[in-house]
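Observations on chain architecture
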Amino acid sequence: YAATALGEAGEYGACVSRLTHAVNRTAEAVNMCQRHSAALQKQFRDAHALAKDAHAKAKKDNDSIYFDRVPPYATLPKLPRHALVKPLRPEGLDVPPPEAPPSPEKPDIIGAAAAFGAASLDGTPPPPSFDEASSAGVEDLVAMGFSKEAASAALAQCKGSVQEAAALLVDS
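Procedures and definitions
- Residues numbered from 1 in each chain as written.
- Predicted model: local features only at pLDDT ≥ 70, side-chain atom pairs only at ≥ 80, totals over all residues.
- Heavy atoms only, no water.
- Salt bridge = Lys/Arg side-chain N within 4 Å of Asp/Glu carboxyl O.
- Helix = DSSP H or I, 4+ residues; strand = E, 2+ residues; numbered from the N terminus.
- Axes fitted to C-alpha atoms, helices over the stretch in contact; angles between N-to-C directions.
- Parallel < 35°, antiparallel > 145°, perpendicular 65-115°, else oblique.
- Left-handed = near helix turned anticlockwise from the far one by under 90°.
- Contact = heavy atoms within 4.5 Å.
- Nonpolar A, V, L, I, M, F, W, Y, C, P; charged D, E, K, R; others polar.
- Phe/Tyr/Trp six-rings, centres within 6.5 Å; stacked < 30°, edge-to-face > 60°.
- Buried < 20%, exposed > 50% of the residue type's maximum accessible area, 1.4 Å probe, protein only.
- Polar contact = N/O pair within 3.5 Å; in protein donor to acceptor, adjacent residues only side chain to side chain.
- Core = buried A, V, L, I, M, F, W, Y, C linked by side-chain atoms within 4.5 Å.

Here the focus is the pattern of salt bridges. Scanning all chains against the criterion turns up four salt bridges. Here arginine 25 ties to glutamate 28 by a salt bridge, and the two come within 3.0 Å at their closest N and O atoms. Highlighted residues: arginine 25 and glutamate 28, both in helix 2 (residues 12-32), separated by three residues, approximately one helical turn. The closest approach of N and O atoms between lysine 42 and aspartate 46, which form a salt bridge, is 2.7 Å.

Following this line, the structure appears as structure tokens:
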């Protein structure tokens, strides 16, 4: 399609370049699908034949009539990408359409506050930091009668679990 549009716009050299690329790519596809179904092979052989015929005609016209310079394919502008399908909402769908994402003008104050460890909206305090939880665990074990050093070592061995550390200290 791009080669046809270029030919209609009078850019015959670019048209020949795109068609040369199309012939090469369809030839690769024909070679790659030799072990696949006959229908797939036929589809790529037909596409290759179409590209080859269009290339031969465009090259003949450019060589005998237009004399445009044929640029290397890599120097041609990239083709814009387009969606192959158009999303449609089924009429019988009883689910409300998705909400639009929040606009960038409005800052997300709640999310920012939560990221910095502020209290939640329902008034519950944020969970303690690891250091706070660890020192509270040591204090709990010391209150049970164990030494501070033994409590710290048991908590480290039990990965912060006060219950497991207490069981370990009682068993030892």
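Remark: helix 2 packs on helix 3 (residues 38-66), axes separated minimally by 8 Å, with the N-to-C direction vectors making an angle of 155°. As judged from the angle between their axes, helix 2 and helix 3 are roughly antiparallel. At the point where helix 2 passes helix 3, the crossing takes the left-handed sense. For the pair formed by helix 2 and helix 3, the contact residues are Tyr12, Gly13, Cys15, Val16, Leu19, Thr20, Ala22, Val23, Thr26, Ala27, Ala29 and Val30 on the first element and Phe44, Arg45, Ala47, His48, Ala51, Lys52, Ala54, His55, Ala58, Lys59, Asn62 and Tyr66 on the second. A class-by-class count of the residues in the contact of helix 2 with helix 3 yields 15 nonpolar, six polar and three charged.

With that out of the way, let us pick up the packing of aromatic side chains. In this structure the tally under the stated criterion is one aromatic pair. Both rings, one in tyrosine 12 and one in tyrosine 66, keep their centres 3.5 Å apart while their planes meet at 10°; by these two values the pair is stacked. Taken together, the residues span a long stretch of sequence, with tyrosine 12 in helix 2 and tyrosine 66 in helix 3 at a distance of 54 residues. Since its relative accessible area comes to 23%, tyrosine 12 is described here as partly exposed.

Before going further, it helps to spend a moment on the side chain of histidine 48. Relative to the helices and strands, histidine 48 is located in helix 3. Side-chain polar atoms of histidine 48 contact the side chain of threonine 26, separated by 2.9 Å. Each residue touching histidine 48, except ones within four places of it in the same chain, is listed here: Val23, Thr26, Ala27 and Val30.

Below, the discussion takes up the nonpolar core. The tendency in soluble globular proteins is for nonpolar side chains to be buried side by side. Among the nonpolar cores identified, the biggest contains nine residues, and these are Val138, Leu141, Ala151, Ala154, Leu155, Cys158, Ala165, Ala166 and Leu169. Only helix 5 (130-143), helix 6 (148-157) and helix 7 (162-171) provide two or more residues apiece to this core. If we skip the residues at most four places from it in the chain, leucine 141 touches Phe146, Ala151, Leu155, Val162, Ala165, Ala166 and Leu169. Among the nonpolar cores identified, the runner-up in size contains eight residues, and Ala3, Leu6, Val16 and Leu19 belong to it.

Attention shifts here to unusual backbone geometry. Positive phi, close to 55°, is recorded for phenylalanine 67, a residue that is not glycine. Topologically, phenylalanine 67 is positioned in the loop between helix 3 and helix 4 (109-115). In this model, lysine 159 sits at a positive phi of 55°, which is unusual for a non-glycine residue. Turning to its location among the elements, lysine 159 is positioned in the loop between helix 6 and helix 7. Of the residues examined, lysine 159 reaches a relative accessible area of 78% and is grouped as exposed.

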